[in-house]
Number of protein chains: 2
Amino acid sequence: MKQATRKSVSTRRGADGGNFDEIDRQILDLLQESDRPVATLAEEIGLSQTPCWRRIRKLEEAGVIRGRVTLVDPIEAGVGLTVFIAVTAPRHEISWLTRFRELIESIPEVVEAYRLTGSTDYILKVLVPDIQAYDEVYKSMIERLDFSQISASIAMEELKFTTAVPTAYL
Amino acid sequence: MKQATRKSVSTRRGADGGNFDEIDRQILDLLQESDRPVATLAEEIGLSQTPCWRRIRKLEEAGVIRGRVTLVDPIEAGVGLTVFIAVTAPRHEISWLTRFRELIESIPEVVEAYRLTGSTDYILKVLVPDIQAYDEVYKSMIERLDFSQISASIAMEELKFTTAVPTAYL
DNA sequence: GTTGAAAATTCCCAATG
DNA sequence: CATTGGGAATTTTCAAC
């Protein structure tokens, strides 16, 4: 699965019947926490295996389930430092945005990037081993594209991180 | 798997032998992109099934692999709007931090939270259906805890989002 | 929705070179 | 590291209720 990018962050839901219920939410909540055999899942939600499996399949077909991935521990992977970079574009041209997009796509240390409202044009989340490595990322960015402003904030502590999306609005 | 929190964002790697090589990185890169059968993975990296399986097992035991999860599409889940909240604490007490921690932990819409260097004390990433829903989250926060400052930035576009951690520093 | 179960696949771990 | 083999577990699908 290509972990691609959503074109528009705010888009209304696709034309699914939208017919998902509380049980589907339970299924998603559990599977987002950790993958497990259908039999186990079925027992946890008090359902038998077959309908449970059918629901999962339906959620996959509807595109609600995007895929299954392995999560790597950043600390163990040697990238225990999270840095947020606030970026201001030098000019508001589509060509600059295109090159910016290619730039961040090519840097594995950049794990998230958003265009924002307000004075800061973009925010990037970067995973690196230490400040020195961050500086390398910084330098590789400014040597490949021009910026009006770049300012870094170091994350001193991670209070919460989850890949689990809220299911209350499904 | 409890998607818990890392106590310190910057911590040196644990006392693994650290003996991971380029093949291990390839394995992680592929599994972070998408889970697949060991047989498939083995073929992709040009290895036979058994040693490939052994490497995965070793990566799990070393804690490099944190778990396997299902990813849900935010758009399909009805939370296509990403909002970043910059928070300033009213006072720097451990009791406030404790309550803040409990607060964000109890709000599923808050998917990430970090304590930062600089003038902004904390940054939160929130997933909601729309501005109205964001306002609900905002109100539920200020009614349960006091803040010195809260300012929201709307994500107009998601340029990059990946759960894949860089493996170059493993 | 349920139970029960067969068929195909995948996982896990030997034995051997 | 490779190959082969095979039992256990899981997934997937299908009946019948």
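Just so it is clear, the structure is predicted and the values come from calculations on it, not from any experiment.

Enquirer: Please provide a residue-by-residue account of the packing of helix α1 (residues 22-33) of chain A against helix α2 (residues 38-45) of chain A, values included.
Expert: Residues and elements named next belong to chain A. Where α1 contacts α2, the two axes come as close as 11 Å, and the packing angle between them is 130°. By the criterion of interaxial angle, the relationship of α1 to α2 is oblique. The chirality of how α1 crosses α2 is right-handed. Of α2, the residues touching α1 (which contributes Ile23, Gln26, Ile27, Leu30 and Leu31) are Leu41, Glu44 and Ile45. In terms of residue class, the contact of α1 with α2 is built from six nonpolar, one polar and one charged.

Enquirer: Describe the packing of aromatic side chains, with residues and values.
Expert: A full pass over the atoms with the stated rule returns 14 aromatic pairs over all chains. Between Tyr114 of chain A and Phe84 of chain B, the aromatic rings sit 5.1 Å apart at their centres with planes inclined by 65°, giving edge-to-face as the arrangement. A residue pair is termed interchain when its members come from two chains, as with Tyr114 of chain A in strand β3 (residues 110-116) and Phe84 of chain B in strand β2 (residues 81-88). Across the pair, Phe84 of chain B and Tyr114 of chain A agree in class, each one buried. An angle of 35° between the planes, with centres 6.3 Å apart, marks the rings of Tyr134 of chain A and Tyr138 of chain A as tilted.

Enquirer: Explain the protein's contact with DNA strand D to me, and be specific about the residues and the numbers.
Expert: Pro37, Val38, Gln49, Thr50, Trp53 and Arg57 of chain A together with Leu47, Ser48, Thr50, Pro51 and Arg55 of chain B make up every residue found near DNA strand D. The contact in question runs from a phosphate oxygen of DNA strand D to an N or O atom on the side chain of Arg57 of chain A, over 3.5 Å. In this structure, a phosphate oxygen belonging to DNA strand D sits 2.6 Å away from a side-chain N or O atom of Arg55 of chain B.

Enquirer: Quick one: what's the story with the pattern of salt bridges, residue by residue and with numbers?
Expert: All told, the structure shown has 30 salt bridges over all chains when counted by the stated rule. Residue Glu61 of chain A pairs with Arg57 of chain A through a salt bridge whose shortest N-O separation is 2.5 Å. In this pair, Glu61 of chain A and Arg57 of chain A are both assigned in helix α3 (residues 49-61), four residues apart and thus about one turn of the helix distant. Of the charged contacts, one joins Arg101 of chain A and Glu157 of chain B as a salt bridge, the two residues approaching to 3.1 Å between their closest N and O atoms. Separated into two different chains, Arg101 of chain A in helix α4 (residues 94-105) and Glu157 of chain B in strand β5 (residues 149-161) make up a pair that spans both. A residue is classified by how much of its surface remains accessible, and Glu157 of chain B, at 7% relative accessible area, is buried. Each of Glu112 and Lys125 of chain A together with Glu112 and Lys125 of chain B takes part in one network of salt bridges that share partners.

Enquirer: Give a detailed account of the interface of chain B and chain A, specifying residues and quantitative values.
Expert: Counting residues at the interface gives 81 residues for chain B and 81 residues for chain A. Between chain B and chain A, the buried area comes to about 8,600 Å², and carbon and sulfur atoms account for 53% of it. Linking chain B to chain A there are six salt bridges. One salt bridge connects Lys125 of chain A with Glu112 of chain B, and the closest N-O pair in it is separated by 2.8 Å.

Enquirer: Before we move on, can you summarise the domain arrangement of chain A with the specific residues and values?
Expert: Per the domain assignment, the segments of chain A are domain 1 (12-61) and domain 2 (81-154). One C-alpha centre belongs to domain 1 of chain A, the other to domain 2 of chain A, and the line joining them spans 37 Å.

Enquirer: I'd like a description of the UniProt feature "domain: HTH asnC-type" (unreviewed entry) in chain A, backed by residues and values.
Expert: The positions that UniProt labels "domain: HTH asnC-type" (unreviewed entry) are, in the present scheme, residues 20-80 of chain A. Span residues 20-80 of chain A is 54% helix and 13% strand, its end C-alpha atoms 38 Å apart.

Enquirer: Give me the lowdown on the relation of the copies chain B and chain A, citing residues and values where you can.
Expert: After a rotation of 180° and a shift along the axis of 0.0 Å, chain B superposes on chain A with an RMSD of 0.0 Å. Taken together, the rotation and translation relating the two chain copies correspond to the operation of a two-fold axis. Measuring from the rotation axis to each C-alpha of chain B, the shortest distance belongs to Val69 of chain B, at 2.9 Å. Comparing contact sets, 100% of the residues at the interface of chain B also lie at the interface in chain A, consistent with an isologous, same-surface contact.

Enquirer: Would you mind going over the protein's contact with DNA strand C in detail, with residue names and values included?
Expert: What surrounds DNA strand C is the set Leu47, Ser48, Thr50, Pro51, Arg54 and Arg55 of chain A together with Pro37, Val38, Gln49, Thr50, Trp53 and Arg57 of chain B. Those atoms of DNA strand C that come within 4 Å of the protein belong to sugar or phosphate at a rate of 74%. Within the side chain of Ser48 of chain A, one N or O atom sits 2.7 Å away from a phosphate oxygen of DNA strand C. The backbone of Val38 of chain B places a nitrogen or oxygen atom 2.9 Å from a phosphate oxygen of DNA strand C. When contributions to the surface near DNA strand C are tallied by element, the ones reaching two or more residues are α3 of chain A together with α3 (49-61) of chain B. Partitioned by chemical class, the residues of the surface near DNA strand C number five nonpolar, four polar and three charged.

Rules and cut-offs
Residues numbered from 1 in each chain as written. Chains lettered and ligands numbered in written order. Predicted model: local features only at pLDDT ≥ 70, side-chain atom pairs only at ≥ 80, totals over all residues. Heavy atoms only, no water. Axes fitted to C-alpha atoms, helices over the stretch in contact; angles between N-to-C directions. Helix = DSSP H or I, 4+ residues; strand = E, 2+ residues; numbered from the N terminus. Parallel < 35°, antiparallel > 145°, perpendicular 65-115°, else oblique. Left-handed = near helix turned anticlockwise from the far one by under 90°. Contact = heavy atoms within 4.5 Å. Nonpolar A, V, L, I, M, F, W, Y, C, P; charged D, E, K, R; others polar. Phe/Tyr/Trp six-rings, centres within 6.5 Å; stacked < 30°, edge-to-face > 60°. Buried < 20%, exposed > 50% of the residue type's maximum accessible area, 1.4 Å probe, protein only. Near = heavy atom within 4 Å. Polar contact = N/O pair within 3.5 Å; in protein donor to acceptor, adjacent residues only side chain to side chain. Salt bridge = Lys/Arg side-chain N within 4 Å of Asp/Glu carboxyl O. Buried area = accessible area lost by both parts, 1.4 Å probe. Domains from an automatic or database assignment. UniProt positions renumbered as here; feature names shortened; annotations may be inferred. Least-squares fit on C-alpha atoms with pLDDT ≥ 70 in both.

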